[in-house]
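An overview of the molecular structure
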Amino acid sequence: MIYHHLLGCAGRKEISQCTPSRSPMSNLVVKELTPSLRDDFLLFFDNIAFTDNPEWSDCYCSLYHFANKGKAESRRQASSLIEEDRMHGFLAYDSGKPVGWCNAAPRGSYPALHWLMSPGPDKAERVGSIVCFVVASSHRSQGVASRLLDAACQKFSREGLGFAEAYPVKKPASAAWDFPGPLSIYLKSGFSTHRDADWYLVVRKRLETPG
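A brief look at the structure comes next. (Residues numbered from 1 in each chain as written. Predicted model: local features only at pLDDT ≥ 70, side-chain atom pairs only at ≥ 80, totals over all residues. Heavy atoms only, no water.)

Turning next to the overall build of the chain. Check the secondary structure of the chain and you find six helices and eight strands. Its helices and strands taken in sequence order, the chain reads α-β-β-α-α-β-β-α-β-α-β-α-β-β from the N to the C terminus. A total of 211 residues make up the chain; the buried ones form 51% of that total. Accessible surface for the chain amounts to roughly 10200 Å². Of this, 50% is attributable to carbon and sulfur atoms. (Helix = DSSP H or I, 4+ residues; strand = E, 2+ residues; numbered from the N terminus. Buried < 20%, exposed > 50% of the residue type's maximum accessible area, 1.4 Å probe, protein only. Areas by Shrake-Rupley, 256 points an atom, 1.4 Å probe, with all protein chains shown as cover.)

This is the structure we're talking about:
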């Protein structure tokens, strides 16, 4: 039942930039979402994120934040959350154009995780959650999601959180259902299974905190 419910969705700070190389992603820049980047976020979800999956174009990364009530309302609520600095994550840019998004923040920022992780996560744990990736169809399988994941873990570490945590679907019905991030990307980044939760896994990575 919960699995099908999920279908309802899915100053600038530069976090990282590759040194020049032959890789097509050598110019990729990852920036932490701030209110000043709201228009870039909206541009990405308005025109780029779901060009090959229009059925999900009302998403605006609403799932873990609020009930999806259609495209216009989801867009408005996402815009308000960003303006209020209540939606957090990272945008990836190629040549100044947003091409990827990762929703990542301290676990307490996501009301939906309390029903997803029944009977609810331990509020005393200092955990950062990675809950969603969206990459433009033109930039998939080029390492964009890995760069976004690295940026999220780096921020969690700087904030003194003990773990990064994510929730990959065990048997996604389609590539789109890998929106929490495929298990492979987490294993490659040093995560391991923390708990088997029926149709998804909880994976974790212990973070190095500043001395």
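So much for the structure itself; the text now carries on.
The subject of this paragraph is the environment of Thr 209. Counting through the fold element by element, Thr 209 comes out in the segment after strand S8 (200–206). Taking C-alpha positions, Thr 209 is 9.5 Å from Gln 154, a pair spaced 55 residues apart along the chain. Look past the residues within four positions of Thr 209 in its chain and what remains in contact with it is Ser 157, Gly 160 and Leu 161. (Contact = heavy atoms within 4.5 Å.)

A separate point is the packing of aromatic side chains. One pass over the structure, following the stated rule, counts 12 aromatic pairs. Judged by centre distance (4.6 Å) and plane angle (40°), the ring pair of Phe 41 and Phe 45 falls under tilted. With Phe 41 and Phe 45 both in helix H2 (residues 38–47) and four residues apart, this pair spans about one turn of that helix. Across this residue pair, the class does not change: Phe 41 and Phe 45 are buried. Ring geometry for Trp 56 and Phe 179: centres 5.9 Å apart, planes at 75°, overall edge-to-face. (Phe/Tyr/Trp six-rings, centres within 6.5 Å; stacked < 30°, edge-to-face > 60°.)

Glancing now at the pairing of strand S7 (residues 192–197). Sheet topology places S7 next to S8; five bridges connect them, and they run antiparallel. Across the sheet, Ala 197 pairs through a bridge with Tyr 200, a residue of S8. In this antiparallel pair of consecutive strands, S7 and S8, the connection spans two residues, and Asp 198 shows a positive phi of 70°. (Pairing = 2+ DSSP bridges.)

Grouped burial of nonpolar side chains is what soluble globular proteins tend to show. If you look at the biggest cluster of nonpolar residues, it comprises 68 residues, and the most contacted ones within it are Phe 41, Phe 45, Tyr 64, Trp 101, Ile 130 and Tyr 186. No other element matches helix H5 (residues 144–158), which puts eight residues into this core. (Core = buried A, V, L, I, M, F, W, Y, C linked by side-chain atoms within 4.5 Å.)

Considering all chains together, one arrives at 13 salt bridges under this definition. A salt bridge links Asp 39 to Arg 38, with the shortest nitrogen-to-oxygen separation between them at 3.2 Å. Between Glu 165 and Arg 107 there is a salt bridge, with its nearest N and O atoms 3.2 Å apart. One end of the pair, Glu 165, is in strand S6 (residues 163–166); the other, Arg 107, is in the loop between strand S4 (97–106) and helix H4 (112–116), with 58 residues separating them in the sequence. We classify Arg 107 as buried; its relative accessible area is 6%. By sharing partners, the salt bridges in this structure join Arg 107, Glu 125, Glu 165 and Arg 204 into a single network. (Salt bridge = Lys/Arg side-chain N within 4 Å of Asp/Glu carboxyl O.)

This brings us to H5. Taking 1.5 Å of rise per residue, 15 residues should cover 21 Å, and H5 covers 22 Å from first to last C-alpha, within 8% of that figure. Of all the 15 residues making up H5, 11 are buried; the element is thus mostly covered by neighbouring parts of the structure. Within H5 the residues assigned to the buried category are Val 144, Ala 145, Arg 147, Leu 148, Leu 149, Ala 151, Ala 152, Cys 153, Lys 155, Phe 156 and Ser 157. Directly after H5, the chain includes Gly 160, whose backbone phi takes a positive value near 80°. (Expected span 1.5 Å × (residues − 1).)

Scanning all chains against the criterion turns up zero disulfides. Considering cysteine sulfurs only, Cys 132 is the nearest to Cys 61, which forms no disulfide, with 3.8 Å between them. The exposure class of Cys 61 is buried, given its relative accessible area of 2%. Cys 153 takes part in no disulfide bond, and the closest cysteine sulfur, belonging to Cys 102, lies 8.6 Å away. (Disulfide = S-S within 2.5 Å.)

When two helices pack together, their arrangement is given by the angle between the helix axes and the distance between those axes. With their axes 10 Å apart at the nearest point, H2 and helix H3 (residues 71–83) run at an angle of 155° to one another. Here H2 is positioned roughly antiparallel relative to H3, judged by the angle of their axes. Seen from above, H2 lies across H3 with right-handed handedness. Two secondary-structure elements touch here, H2 through Arg 38, Phe 41, Leu 42 and Asp 46 and H3 through Lys 71, Arg 75, Ala 78, Ser 79, Ile 82 and Glu 83. Classifying every residue of the contact of H2 with H3 by side-chain character gives four nonpolar, one polar and five charged. (Axes fitted to C-alpha atoms, helices over the stretch in contact; angles between N-to-C directions. Parallel < 35°, antiparallel > 145°, perpendicular 65-115°, else oblique. Left-handed = near helix turned anticlockwise from the far one by under 90°. Nonpolar A, V, L, I, M, F, W, Y, C, P; charged D, E, K, R; others polar.)

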